[in-house]
Structures are given as C-alpha cells and as structure tokens.
Amino acid sequence: MITTVGGGVFGVVNASIAVLAGGDKDDKPGAAASPKPSPSDRPSGPGAGEGESSAEPNTRLTDCRNSTDQWNRLPEIPGAKDFAPMTQRVDFADINGDGRDDYLVVDAGTGAVRVWENRGTKSGAGFAWGPGSHLITATTLAPGREYVDFADVDGDGFDDHLVVNSENGSVRARKNHDGRLSGTEWKADAKALHKKGTNPGIVFADIDGDRRDDYLAFDLASGDVAALLGLFDRSGPRPDPEHLAQVVTVDLGEGERLAFHNVDCDSRADALISDENGPLRARMHLDHDGGGGLVWAEEKQIATGDELDRRTQYRDFADLDGDGRADSLWVNRTTGEVTPWLNRGGD
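In the nomenclature of an unreviewed UniProt entry, the chain is known as VCBS repeat-containing protein of Streptomyces yaizuensis.

Dropping the structure here:
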C-alpha cells in the first residue's frame, strides 16, 4: 500500500509520502472476491504467457534470518499491456494471505482493481505469477479526495480493501475473506489526527508489532507523524483506538519521500526516507520506551540506488518473497514494469 501525496495519481503499497518542497550487491540499492474470470476476461500482465501450470515456484518462504547484507536483483516483472499511467497505478498487497505481496493495478477513476497472484520465485529465475483477474470492478470514489489503498487492518493476514478520504481522514474498509471482498463496508474516522487547516498524508503500517496495520498521519509542515493504533479489529471499527500523538518526527528535504515498512526481522515498521536521486535511508524502529513513546535508531543509509532512473522510475516497497522484510521495487511510471531488489539485510 503506498500513498503518495503532492500531485498526480495517488499511489499506495504500504506507506509512502512524497514531499514537494520548493544483486547483486551492485544495485547498489544495495551497495532498493471475485470469481475467477474466464480466459477471455483475464488481463495481461506479470503472468502473461506463463499459463496456470507452467511455473514451478519455490513455495517455501525465505527465512528472514538468512541475511547477507545486500540487495539481490531479480529479473523484471512485466507490466500489464494495457496499463494506463495517467489513470492507473501499480500496487502490491497480500490478497491471498500467503505472506507474499501480489501485483495489483488500481484505477484511480473507477476504483477497479486487477490482481496477479505472486506464486513465489522460480529456481534460478524471477517470480512466477498467476493469471490476472478482477478483485473488484468498480468503487465509488469522491474525485480528488478519495483513493483506494490496501492494508491488513484486522490482523488476519489478508490485506483489506480501503477507501481513504484525504480531506477528512475517514476510511471505508471492505474485509478480505480469503481473497474475496466482503459486501459489508466498515466506516471509521480519524478526526483526532486532523487539525484544522491541515491535509496530512495518510498511510497504513504496523507500528506496534501486533500484526494489524495502524493509521498514520504525517504533517508535511512540522514533520510530525501521529497514529491511531488498531483502528479496526476482526469485527469492525474499534470505538476507542489508541491515539499516539508522536510516533516520530522526520525532516524531509526537497524531493524526498517518507515511507513506513518493516525492513529488518522484527514485526515493527521502520521509517524510510527515499531520495529522488537514489539513496535510501532508514531509522529503524527499535521498541517502546516504557513510557508510551517509541524508540528509533539514528538515521543511516541502507541502499544507494545508483542505477535508479529517476526520469522513468520511482521506488516502492513490498514483501515479494514472504520473509517479513520489505523489498525495494523500482516501478516504471509508464509501463508498470517492476525491477525487484530482494532485501537480504541491506548495505
């Protein structure tokens, strides 16, 4: 889920905010409920040409402790042939609950979402993908104010379908039941995090390590990040989510993005600062301080991104191999093609 604010189509795969202010080890990132459609309805994309059974993926999830302090580049993931960059965005979310994020194409106008199932890595090659299908064909969205996101807000292992209102902070959620969306819509607001006259960036990430993605609001002016912990549970919106007024403060420079993803082997999201010129820095989330606050490590560079083509690509994050760590993805703005760099401990 990655929400980008600051113009253009909203984009989300777990939490990225843009500020507009004025393998080898050589990446050096590292040295970055619907029925199955008929074949004629299947959109082209990552799984195109592979068919249902031609791939023989390794379905065993990678052990997060298997770290070699690098980023491993894998072959490109093809984009959908009919990808429309002006109205659509590439997203990643775990729709089937297997621990690996799937490839999504989200239409910002209609709210339609197409999904290609991530079937794991093939021996000595890249990822295997299932045929494309429609998760949802349309969603009512308020133009310019609402956008589709995905996050596991109830902690059941399946990323749920969210409609976020960037103007008032409200969230409409449809629970993901084993890859099928519920017909019932949950509604929650977050007025506690929305100060008068502000329009904070809204993202979802698991800050407290309870396996539920929390609601985060980033004030672009002050750099402060606040949170509502556990906005939902498995029965719906919670009446009293915990309000954490100060998660962390991050001072972003021009062209920098703030994201929250778990890039180490604990269960808590870390703060990532991505520079449009390539470098990726992180403040690791260490734990609670015992007094209601959170403890963050000093900022450090974890990837260089020397080969990132800023004219045609942007950096995103998703857990493609299911080891619990976010991998670095270079997404082509025009084609939807993705260059994956698997996280093996970073620099």
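Here the focus is the overall build of the chain. Along the chain, the regular secondary structure elements total zero helices and 28 strands. Every one of the 347 residues in the chain was classed for burial, and the buried ones make up 56%. Summing over all exposed atoms, the chain offers an accessible surface of approximately 14,400 Å²; the carbon and sulfur share of this is 46%.

Before going further, it helps to examine the sheet that holds strand E16 (residues 224-229). Spatially, E14-E15-E16-E19 is the arrangement adopted by the four strands of the open sheet, whose pairing is antiparallel. If you trace the sheet from one side to the other, it starts and ends with strand E14 (201-205) and strand E19 (242-249), each paired once. Averaged over all pairs of adjacent strands, the angle between strand axes in this sheet comes to 25 degrees, irrespective of strand direction. Sheet topology note: the E16/E19 ladder contains five bridges and is antiparallel. Paired with Asp224 across the bridge in E19 is Thr249.

Turning to its location among the elements, Glu276 is positioned in the loop between strand E21 (270-275) and strand E22 (280-283). Each C-alpha atom of the pair Glu276 and Leu308 lies 9.0 Å from the other, and the pair is 32 residues apart in sequence.

What counts, and at which threshold
- All chains use their own residue numbering, which begins from 1 and follows the written sequence.
- Reporting in this predicted model follows two pLDDT cut-offs: at least 70 for local features of residues, and 80 or more for side-chain atom pairs to be given and counted; totals over whole chains, interfaces and linings ignore these cut-offs and use all residues.
- Side-chain figures throughout are based on the complete set of non-hydrogen atoms in the structure, without hydrogens or water.
- Each helix is a run of H or I in the DSSP string that is no shorter than four residues. Each strand is a run of E no shorter than two, and both are numbered from the N terminus.
- Three exposure classes are used, based on accessible area relative to the maximum for each residue type with a 1.4 Å probe and protein chains only: buried under 20%, partly exposed in between, and exposed over 50%.
- The accessible surface values rely on the Shrake-Rupley method and a 1.4 Å probe; as for residues, cover is taken only from the protein chains in view.
- At least two DSSP bridges between two strands are needed for those strands to be called paired.
- All axes here are fitted lines through C-alpha atoms, helices being fitted over the stretch that makes contact, and every angle between N-to-C directions spans 0 to 180 degrees.

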